[in-house]
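# Chains, contacts and geometry: an overview
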Amino acid sequence: MTNATVTSASAGPSTGRTLPAGTPVLDVEHLRKIYNEGKPHAKMAIDDVSFSVDKGEFVCIVGPSGAGKTTLLRCISGLAQASSGRLAFEGTPLTSVPDQLGLVFQDYGRSLYHWFTNAKNVGLPLAARGVPKAERARRVSEVLAEVGLPHVEQQYPWELSGGMQQRVAIARALSYHPDLLLMDEPFASVDAQTRFDLEDLILKVRRDLGITVVLVTHDIDEAIYLSDRIVVLSGSPSKVREVVDVPLGQDRDQVATRASDEFLELRRHLLDLVMPHGA
Amino acid sequence: MNATRRSLRWLAPAAAVVVALLLWQLATAGGLFTRDQFPTMTDTVRALGDAIGTEAYWDSVLSTLQAWFLGLVIASVLAVVIGSALAFNDFAYRSAASVIEIFKAIPAIAILPLVILVLGSTLEMKVFLIAFGVFWPLVIQVIYGVRSMDPTVLDTAKALGVGGLRRFFVVTIPSASPYLATGMRIASASALILAVVSELVGGAAGIGRNILRAQNGGVSAYPVMYAYILTAGLLGIILTGAFFLFERKVMHWHESQRNIRANEQGARK
Ligand SMILES: Nc1ncnc2c1ncn2[C@@H]1O[C@H](COP(=O)(O)OP(=O)(O)OP(=O)(O)O)[C@@H](O)[C@H]1O
Ligand SMILES: [Mg+2]
């Protein structure tokens with residue numbers, strides 16, 4: 001059997017599957033999550049959340065700390081079981097983590113494997129998918145170059161700075177060309193400058209690969225800067241407060257975009273939504 | 001400056017050994033002990049020098065090492081397989097925990113007479129005793145190691161589609177490896193003790209049996225006995241050192257090893 005692999009980074013999602021037109025990549029309907037259900041210390045983390053994400057979209061989820069954003073992402077990714085509601089990935093009900101899903105955790109220090117070099121970290125999902133060794137090495141260098149990290153293959157993650165480590169984690173999630181990239185506060189533990197760089201990186205990656213992205217953040221400015229749409233969650237247990245469209249176009253610039261009137265108008269609206277006085 | 005410091009690092013322990021040997025010689029030659037209690041250092045070293053030239057000496061060292069190695073390998077493989085299986089299954093873990101604690105509390109030497117009765121003075125007897133003795137503490141280390149795995153590490157494996165045996169070898173074992181290394185280091189030391197004891201009491205070939213033989217050989221053979229006792233000690237030091245180097249190489253990525261390297265570099269400056 002020959003391995004049908006996508007050869008260029010600019011090629012879109014790697015599956016040959018054709019979804020019926022209009023099928024969302026991700027569909028969440030009336031999701032509810034209760035931890036320790038049925039026990040005395042049961043805790044409802046998510047009350048009722050519905051939204052869907054179309055192919056190629058960049059959607060941010062914002063909400064206050066403890067709103068259940070990580071919980072939501074874990075349910076969406078298939079890592080955690082929802083208590084009720086319907087979850088579909090590319091039209092199929094979600095049971096475990098789909099092969100065509102990439103996940104980037106906030107805590108790169110724990111999610112990168114310290115016992116592997118960067119190359120082995122990035123190549124691991126490829127190895128698990130049976131990609132032969134030579135092809136794997138080629139794709140690893142390709143995707144590391146894509147995230148702006150050539151020449152780190154033989155180093156270990158702990159020999160890199162925090163921002164570089166998160167780039168490696170992003171490269172690892174992209175190495176197998178997932179259709180959907182999920183990120184949980186991926187830039188929360190890096191400094192401001194690195195954060196801007198990584199934001200622009202993820203916009204570039206998204207343009208290059210035509211990938212769909214869902215990103216969780218508690219930073220409203222970041223959400224506006226990155227998204228096509230923003231899902232605003234209420235405090236715990238979360239519901240969708242509003243879904244806000246962000247019509248800022250494809251080309252964004254850290255200085256100009258953030259200073260534009262549309263940006264500031266959106267910012268005012270979102271602040272109004274999340275500030276307690278509005279409730 | 002740097003060179004003197006480095007040579008001091010080697011010189012100080014060497015000097016301490018020389019001082020200890022001199023004290024030994026002084027205490028024995030000076031009449032504090034009689035020859036049938038404690039031979040002089042020079043007699044013992046001479047006996048050791050003579051023994052090193054014989055085939056019997058190296059045969060006994062090899063016999064002891066062989067049992068050490070086989071017992072350790074068998075116990076480790078069993079401990080990793082059984083320990084991981086228990087760690088992944090909460091019900092099995094809870095059921096087995098008390099049984100393991102009981103077996104761990106039995107000193108392996110207590111079953112030596114039974115093992116000799118069944119297996120005789122053989123290599124199998126030694127290997128069984130060693131494997132039994134080190135299995136229980138090892139399996140507990142494996143269970144702790146696997147159960148204390150960072151949930152993010154496991155989630156990452158699932159998210160990347162890494163499952164089955166690949167996940168076990170590439171994620172579970174490395175993440176539990178600090179516990180495994182500690183367990184192995186302790187197991188290696190007890191395995192050597194058990195090997196010598198089983199030879200001493202059980203009469204199987206090895207360093208322990210040669211100690212016993214020299215003891216039966218009367219006062220004139222006492223230096224030989226001490227030469228073998230010294231050999232057992234040296235073997236222990238060599239195995240510990242080898243383990244230390246092995247751990248430093250295999251676990252070089254681990255935080256503790258990184259810190260050791262950083263501190264060493266800091267201390268040299
Ligand atoms: N494994 C768990 N068991 C029980 N309760 C949990 C668990 N994980 C999270 N919770 C609870 O669910 C709620 C939502 O947690 P979650 O981590 O999803 O919030 P978050 O929005 O990601 O917060 P942050 O912005 O601080 O990361 C919290 O009240 C938390 O205590
Ligand atoms: Mg969170």
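Just so it is clear, the model here is predicted, and its values are computed rather than measured.

In this section: the interface of chain B and chain A. The interface is formed by 20 residues belonging to chain B together with 21 residues belonging to chain A. When residues of chain B are sorted by the area they lose upon contact with chain A, Ala159(B), Leu160(B) and Trp253(B) head the list and together hold 30% of the total. In this assembly, chain B and chain A are joined by two salt bridges. The salt bridge partner of Asp155(B) is Arg74(A), with a shortest N-O separation of 2.3 Å. On the surface where chain B and chain A come into contact, there are nine residue pairs in polar contact (both at pLDDT 80 or more). Listed by contribution, the elements that provide at least two residues to the side of chain B that touches chain A are α7 (151-159), α8 (164-202) and α11 (255-268) of chain B. Looking at the side of chain B that touches chain A, the element that brings in the most residues is α7(B), giving seven residues. Of the residues in the side of chain B that touches chain A, the class split is nine nonpolar, five polar and six charged.

Inspection of the entire model under this criterion finds 16 aromatic pairs over all chains. Summarising the aromatic geometry, the rings of Tyr57(B) and Tyr228(B) are spaced 5.6 Å apart at their centres and angled 35 degrees between planes, so their arrangement reads as tilted. With a gap of 171 residues between them, Tyr57(B) in helix α3 (residues 55-88) and Tyr228(B) in helix α10 (residues 222-250) connect regions that are remote in the sequence. Take Tyr57(B) and Tyr228(B): they sit in the same class, and that class is buried. Put simply, the rings of Phe103(B), Phe128(B), Phe132(B), Phe135(B) and Trp136(B) touch in pairs and so form one group of aromatic residues. Here Arg129(A) stacks its cationic end above the ring of Tyr176(A), 3.8 Å away from the centre of that ring.

All names here are of chain B. Mapped onto the present numbering, the UniProt feature "transmembrane region" (unreviewed entry) falls at residues 67-88, 100-121, 127-146, 186-205 and 225-246. The annotated region residues 186-205 carries 85% helix and 0% strand content, and the separation between its end C-alpha atoms amounts to 24 Å. Its end C-alpha atoms 32 Å apart, residues 225-246 is made of 100% helix and 0% strand.

Right, let's get into the pairing of strand β9 (residues 229-233) of chain A. Two faces belong to every sheet, and in a regular strand the side chains alternate between them. Residue and element names in this part refer to chain A. For β9, a buried count of five out of five residues is recorded, marking the element as mostly surrounded by other parts of the structure. Residue alternation in β9 divides its side chains into two sets, Arg 229, Val 231 and Leu 233 and Ile 230 and Val 232, and both sets are buried. Note that β9 and strand β10 (residues 238-245) share five bridges and pair antiparallel. Bridging across to β10, Ile 230 finds its partner in Val 244. What sits between β9 and β10 in their antiparallel hairpin is a turn of four residues.

Thresholds applied
Residues numbered from 1 in each chain as written. Chains lettered and ligands numbered in written order. Predicted model: local features only at pLDDT ≥ 70, side-chain atom pairs only at ≥ 80, totals over all residues. Heavy atoms only, no water. Contact = heavy atoms within 4.5 Å. Buried area = accessible area lost by both parts, 1.4 Å probe. Salt bridge = Lys/Arg side-chain N within 4 Å of Asp/Glu carboxyl O. Polar contact = N/O pair within 3.5 Å; in protein donor to acceptor, adjacent residues only side chain to side chain. Helix = DSSP H or I, 4+ residues; strand = E, 2+ residues; numbered from the N terminus. Nonpolar A, V, L, I, M, F, W, Y, C, P; charged D, E, K, R; others polar. Phe/Tyr/Trp six-rings, centres within 6.5 Å; stacked < 30°, edge-to-face > 60°. Buried < 20%, exposed > 50% of the residue type's maximum accessible area, 1.4 Å probe, protein only. Lys NZ or Arg CZ within 6 Å of the ring centre and 35° of its normal. UniProt positions renumbered as here; feature names shortened; annotations may be inferred. Pairing = 2+ DSSP bridges.

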